[in-house]
Amino acid sequence: MAKPAPMGFARALFSALAWAVQPLLRRKLRRRALAEPGYGVAVPERFGHYQPADLGRDGRGRWVWIHSVSLGETRAAAILIKALRERMPAMRLLLTHSTATGREEGAKLLQPGDVQVWLPWDSLGATRRFVAQFQPAVGVLMETEIWPNLIAACANTGIPLALANARLNEKSEAGALRVRPLSRPAYGALAAVWAQTEADAKRLRNVGAHVDAVLGNLKFDVQPDAAQIARAVQWRASLARPVLLFASSREGEEAMFIDALKTLGDAAAAVQWLVVPRHPQRFDEVEKLLGKAGFAVSRRSQWEQMPPVQSGAIWLGDSLGEMPLYYGLAAAALMGGSFAPLGGQNLIEALACDCPVILGPHTFNFSQASEQALQVGAALGVQDMGAGLCQALDLVAKPDRLQAAVQSCRQMVQGNRGAAAATAEAIQALMNAP
């Protein structure tokens, strides 16, 4: 069990600032809700005010609490939650988020008796109210979430709080070291830390965490939706041209994609291009960008039983929860977030769907998985978008090379599985620790 974190000067200053900016946070939520209505849901929860009906009189003190900040962490949490339910069928889940997309995805994971709320803003009052109301048996923060007052509130009340699937890149390590008086006590007050890789473990120890084990990456245990994969296989067999996917594209990258596509000229017509933006609030914006560039656009939300056959049109994946369908449909995928300096996106989901990936130069958020994929041939690395499109076209033009890359995807995913069961076992042990 972690020791209670003392209130040093750094956390006192942080707490004062967290309290002072609450009006700005409310204003920001109102603005975000205009584009994403989910941000207008249950706003009092953001400040530690929860409805008693959310609790359930028989649930106090027995919650397994998992915090997954956004969409990617929630998908990783889904894998862990499945493993936890297999070990503890009567488990009652308390699921928290910070983003609207995370909360929407997390709603799919709930069973009768579970509760889903917003994680409170990291002020002293809000975090204390959250802990006092729910009193979970154990708490699990997914991947990178470190909140000084929340961690202190758990440590001070004897609630074991762990950081699971933990990762820390070099940039985040440097940031944590710059605010060492605040970050070091927070990391040190965690009851357990289970790192993805040895490199993550080293960086986490450097910022003050007590790393208990390196358990691997939960995302390798993903099982793609079988119905979506079956549909993708059916659609793929009916198409005259292979599909190349630009997956999880981020702001600024679509413009790079459009420029590179125009440079290719007629060569680009050899395949069907599919773009899936990372953030749903940008679907309309991306359609406008493509239309302004002179491309016809066909949106997934407008398809019926089959994708349309429309020469020259770019498909726009404007649905949530269908990445297995898109990856299964594609021969290969360019990975968004890696062509702009944003650190990349989760490539493991693509590999699990037998979809080789093309990576740009910026993969620091998924460095270990990216490096391994490049080494075994499940991924190809390029320096810019133009080279990425050329590599993707070359890959689909050479069936033997493409099949070898697909086989490498399968081998890499299979060889890295097991983190979900190990993490679930560690959580159960933490709950039962004296």
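Note: the structure precedes this text.
Let me sum up the structure you'll find in this document. As the structure is a computational prediction, the values presented were derived from the model and not from experiment.

A few points about the side chain of aspartate 200
Within the fold, aspartate 200 resides in helix α9 (residues 198-206). Among the polar contacts made by the side chain of aspartate 200, one reaches the main-chain amide nitrogen of leucine 168 at a distance of 3.1 Å.

Describing the environment of alanine 270
When you line up the elements, alanine 270 lands in the loop between α11 (253-264) and β9 (272-277). Sequence separation between alanine 270 and lysine 202 is 68 residues; the distance between their C-alpha atoms is 46 Å. Not counting chain neighbours up to four residues away, the residues in contact with alanine 270 comprise Arg241 and Pro242.

Thoughts on the sheet that holds strand β1 (residues 63-67)
Pairing is parallel across the open sheet formed by 7 strands, whose spatial order is β3-β2-β1-β4-β5-β6-β7. One side of each edge strand has no neighbouring strand; the edge strands of this open sheet are β3 (115-118) and β7 (211-214). Each strand axis lies, on average, 20° off the axis of its neighbour in the sheet, ignoring direction. Taken together, the 5 bridges between β1 and strand β2 (residues 92-97) define a ladder with parallel strand orientation. From the neighbouring strand, histidine 67 faces β2, where its bridge partner is threonine 96. Helix-sheet contacts for α9 involve β5 (161-166), β6 (192-195) and β7, and the interaxial angle to β7 is about 170°.

A word on the sheet that holds strand β13 (residues 357-359)
Taken in spatial order, the 7 strands line up as β10-β11-β9-β8-β12-β13-β14 in an open sheet, and their pairing is parallel. The sheet is open, and its two borders are formed by β10 (297-299) and β14 (379-381), each paired with just one other strand. In this sheet, adjacent strand axes meet at a mean angle of 25° when their direction is disregarded. Pairing geometry for β9 and strand β11 (residues 314-316), over 2 bridges, is parallel. Each residue of the ladder has a partner; that of leucine 274, found in β11, is tryptophan 315. Relative to the sheet, helix α16 (residues 385-396) contacts β8 (243-249), β9, β12 (332-335), β13 and β14, its axis offset from that of β12 by approximately 170°.

Considering helix α17 (residues 399-415)
An ideal rise of 1.5 Å per residue puts 24 Å on 17 residues; α17 measures up with 24 Å between its terminal C-alpha atoms. Taken residue by residue, α17 has Leu402, Ala405, Val406, Ser408, Cys409, Met412 and Val413 as its buried positions. Here the buried residues of α17 occupy an arc of 155° about the axis, which is enough to place them on one side. For α17, the exposed residues lying more than 90 degrees away from the buried face are Pro399, Asp400, Gln411, Gln414 and Gly415. Among the structural elements, α14 (348-352), α15 (367-376) and α16 are those in contact with the buried residues of α17.

Comments concerning the nonpolar core
One finds Ile66 and Tyr327 to be the most contacted residues of the largest nonpolar core, which totals 66 residues. When residues no more than four places from it in sequence are discounted, the contact partners of isoleucine 66 are Ala77, Leu80, Ile81, Leu84, Leu93, Leu94, Leu95, Thr96, Val140 and Met142.

Topic: a positive patch on the surface
On the surface, a cluster of positive charge is contributed by Arg26, Arg27, Lys28, Arg30 and Arg31. The residue arginine 27 is located in helix α2 (residues 22-35) in this model. With relative accessibility at 44%, the residue arginine 27 sits in the partly exposed group.

What about the state of the cysteines?
Scanning all chains against the criterion turns up 0 disulfides. Among the cysteines around cysteine 353, which has no disulfide bond, cysteine 355 carries the closest sulfur, lying 7.6 Å off. We note that cysteine 390 lacks a disulfide partner, and the nearest cysteine sulfur, in cysteine 355, lies 18 Å from it. A relative accessible area of 43% places cysteine 390 in the partly exposed class.

Observations concerning the pairing of β5
Taking burial as the measure, the 6 residues of β5 include 6 buried ones, the bulk of the element. Note that strand β4 (residues 138-142) and β5 share 4 bridges and pair parallel. Bridge assignment links leucine 141 to a residue of β5, and that residue is leucine 163. In the classification by handedness, the crossover that spans β4, the intervening helix α6 (residues 148-156) and the parallel β5 is right-handed. The sheet contact formed by β5 and β6 spans 3 bridges and is parallel. Residue pairing in the sheet places alanine 166 in a bridge with alanine 195 of β6.

Comments concerning the pattern of salt bridges
Within the structure shown, the criterion is met by 19 salt bridges. With a shortest N-O distance of 4.0 Å, glutamate 105 and arginine 75 are connected by a salt bridge. Residue glutamate 105 is located in helix α4 (residues 100-106), and its partner arginine 75 is located in helix α3 (residues 71-87); the two are separated by 30 residues in the primary sequence. Judged by its relative accessible area of 16%, glutamate 105 falls in the buried class. A relative accessible area of 24% places arginine 75 in the partly exposed class. Salt-bridge contacts for arginine 299 lead to aspartate 284; the nearest nitrogen and oxygen are separated by 2.8 Å. Of this pair, arginine 299 sits in strand β10 while aspartate 284 sits in helix α12 (residues 283-292), placing them 15 residues apart in sequence. Residue class for arginine 299 comes out buried when judged on its relative accessible area of 11%. Three or more residues joined by partner-sharing salt bridges are found here, namely Arg75, Glu105, Lys108 and Glu349.

A short note on unusual backbone geometry
Of note in this structure, alanine 42 is not a glycine but carries a positive phi near 50°. Inspection of the secondary structure puts alanine 42 in the loop between α2 and β1. Of note, glutamate 143 is a non-glycine position whose phi angle comes to about 75°, a positive value. Tracing the chain through its elements places glutamate 143 in the loop between β4 and α6. The buried category is assigned to glutamate 143, whose relative accessible area is 1%.

Each value, and the rule that gives it
Residues numbered from 1 in each chain as written. Predicted model: local features only at pLDDT ≥ 70, side-chain atom pairs only at ≥ 80, totals over all residues. Heavy atoms only, no water. Helix = DSSP H or I, 4+ residues; strand = E, 2+ residues; numbered from the N terminus. Polar contact = N/O pair within 3.5 Å; in protein donor to acceptor, adjacent residues only side chain to side chain. Contact = heavy atoms within 4.5 Å. Pairing = 2+ DSSP bridges. Axes fitted to C-alpha atoms, helices over the stretch in contact; angles between N-to-C directions. Expected span 1.5 Å × (residues − 1). Buried < 20%, exposed > 50% of the residue type's maximum accessible area, 1.4 Å probe, protein only. Arc of directions from axis to C-beta. Core = buried A, V, L, I, M, F, W, Y, C linked by side-chain atoms within 4.5 Å. Patch = residues over 30% accessible without salt bridge, like charges linked within 9 Å, V, L, I, M, F, W, Y side chains within 5 Å. Areas by Shrake-Rupley, 256 points an atom, 1.4 Å probe, with all protein chains shown as cover. Salt bridge = Lys/Arg side-chain N within 4 Å of Asp/Glu carboxyl O. Lys, Arg positive; Asp, Glu negative; His and termini not counted. Charge placed at Lys NZ, Arg CZ, Asp CG, Glu CD. Disulfide = S-S within 2.5 Å. Right-handed = clockwise from strand over helix to strand, strands pointing away.

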